[in-house]
Amino acid sequence: MAEVNWRDWGDEAFEDSKRTGRPVLLDISAVWCHWCHVMDETTYSNPTVVDIINRDYIPVRVDNDRNPDINARYNMGGWPTTAFLTHNRDVITGSTYIPPERMAAMLKRVSQVYQEGGEDLIQRAETARSETEIEMTEEVGRSASMEDVEQVLAAVESSYDPRFGGFGHDQKFPFSQVLELLLMEYERTGTRRRLTMVTDTLNAMLGGELFDRVEGGMFRYATQRDWRVPHFEKMLDDNARIAQVLLNAYRITADEKLLSVAKNIFSYLENVLLDSNTGVFYGSQDADEEYYHRDSAGRKMLTPPHVDKAAYTDSNSALAIAYAQMWGMTENHPARDHALQIVSFLNALNKGPDGTICHYYENGAPHQFGNLADHVMLLLANIMCCQASADLLYLDVAKELVNSIVSAYGAPDGGFYDISARRASERGLHRYMIPMSENSTAARALTYLADLTADEHFSDLACRTLNALARQFTNYGIIASEYASSLILFNTRRPVVTVNADPGSELADKMIRATMVACGPLCSVKAGSPDGAEATVCTGTTCTLRTHDPAKLAEELTRLMSARISG
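The structure reproduced in this document is the subject of the present report. (Residues numbered from 1 in each chain as written. Predicted model: local features only at pLDDT ≥ 70, side-chain atom pairs only at ≥ 80, totals over all residues. Heavy atoms only, no water.)

### A word on the environment of Phe14
Among the secondary structure elements, Phe14 is positioned in helix 1 (residues 11–20). A residue is classified by how much of its surface remains accessible, and Phe14, at 2% relative accessible area, is buried. A C-alpha to C-alpha distance of 53 Å links Phe14 and Cys519, two positions 505 residues apart in sequence. Residues contacting Phe14, with those up to four places away along its chain left out, are Trp9, Val24, Leu85, Thr86, His87 and Arg89. (Helix = DSSP H or I, 4+ residues; strand = E, 2+ residues; numbered from the N terminus. Buried < 20%, exposed > 50% of the residue type's maximum accessible area, 1.4 Å probe, protein only. Contact = heavy atoms within 4.5 Å.)

The structure is reproduced here in structure tokens:
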């Protein structure tokens, strides 16, 4: 049977496009993507479609997870993405899933337009791309402020589904970043509705079909408003982030059900996605409707869905943060061990020629360097591991990562590009995207780093990053929730707890855990002298407690949190 002659993304493919006068057909797929598999089994197996593609196109296929920079620039609204490009890498048109008959007609039409339009069509595509870049990089002269938080919260409120929880009234995604914002806002202001929106949403999720009741873990999203009929792929990143939400909500509400579900997620990840040789976790498990529609006995009769055995830096870092939280909430020592092992393994991997870290580890080697998301997530994971362990080694790595981030990704007017200059050159891509999520994470990490080092340089970097996002956040709706969370953190007077005790000692662990439980993300734990036996609490230049008693520490932090709300 004839097959599409897929090629990798690279200069050679686009040079052949220019030489032959054929447009490029770009397919963005994913190993976990149900409709990608359907398109392979139908459209890309259809003899007529295959013949037209191989004759009239330069077909290029990329994996979404391994190529986030390509996906960010060319995704047409979902997976699979079917994009038609000029030899200059500019978009002509595109769609998502296309059935065979429509694909054959579309292929003929695009090829005809490309041949007839010639240089005029190529120029129009280039102009459209340039206008997009200008729009995204335009300086509008505004700075971040707490008013931005209110705008994001208004978007969250307007999209909230009061009947079934969650956001939107059609298909339902977990939107972990939105739930984290609401929890942080509740702890900042005491507004009960913010907490109710979170707990109602979590309860609705748990009452639906988003969580696998047989093997554990969470599916990617539900296609129905009431959290039923999920798409069955399970993503490491999604599970790590919802675990963070569950643990934070449990810390606030003491609802044991939430803790139980978080434990269930970790159990699934350790049973299915853990690479026991390295201590890091694989990226995802495929969707398989027949498998997941069966009960436990029925599943044992089938081969489990495929696992993508690439360990991604950004999602493993998110999991390390969740594990650190788990240890803080439950005295679960293996959880912290998992966090430290993940981060230590990632820290030790070889870096790229420009000093950037890898996007994923597979088959014994690191791959794909120069993605901002990996850098900022590993930065935050190192900071959280430093706070959970009082080990200054992680702080030293964090400071080195900041230097690398500024050098490789820094944008002239503040904030950070999504890829390094070297990666952009190697991939033939333009650097113009200052992504909302990754820059919000950077601002959050830099804010914590300022607490842990008392170095205003990090605070200044955080401020510049937030100002860069202030120029574009209104375009993102509720997706700007991470920006709002980082703004809250940056503008809130936070207790900084200095633990003067031997790292790993019982006293140090009790002091750290007392802090994590009492005030969660709205405070910082700073490693002090290892020869001491006490903790101090300071907010700005005002210190309110010096104690050797973890219970008194927890009492003082609770008082400070309550005073913030009442004030």
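### Quick look at the pattern of salt bridges
For the coordinates displayed, the defined rule picks out 37 salt bridges. Where Arg55 meets Asp56, a salt bridge forms, and the shortest distance between an N and an O atom there is 2.9 Å. Between Arg66 and Asp63 there is a salt bridge, with its nearest N and O atoms 3.4 Å apart. Given a relative accessible area of 14%, Arg66 falls into the buried group. (Salt bridge = Lys/Arg side-chain N within 4 Å of Asp/Glu carboxyl O.)

### Overview of the sheet that holds strand 10 (residues 311–312)
Ordered in space as 10-11-12, the 3 strands form an open sheet in which the pairing is antiparallel. What marks the edges here is a single partner per strand, and that holds for strand 10 and strand 12 (365–369). Relative to strand 11 (residues 358–362), strand 10 is paired through 2 bridges, and the arrangement is antiparallel. Its bridge partner being in strand 11, Ala311 is matched across the sheet by Tyr361. (Pairing = 2+ DSSP bridges.)

### Some words on the packing of helix 7 (residues 176–189) against helix 20 (residues 481–491)
Packing of helix 7 against helix 20 leaves a shortest axis separation of 8 Å and a crossing angle of 25 degrees. As the angle between them shows, helix 7 and helix 20 are arranged roughly parallel. In the crossing of helix 7 with helix 20, the sense of the turn from one axis to the other is left-handed. Along its contact with helix 7, which presents Gln177, Val178, Glu180, Leu181, Met184, Glu185 and Arg188, the element helix 20 presents Ser481, Glu482, Ala484, Ser485, Ile488 and Leu489. (Axes fitted to C-alpha atoms, helices over the stretch in contact; angles between N-to-C directions. Parallel < 35°, antiparallel > 145°, perpendicular 65-115°, else oblique. Left-handed = near helix turned anticlockwise from the far one by under 90°.)

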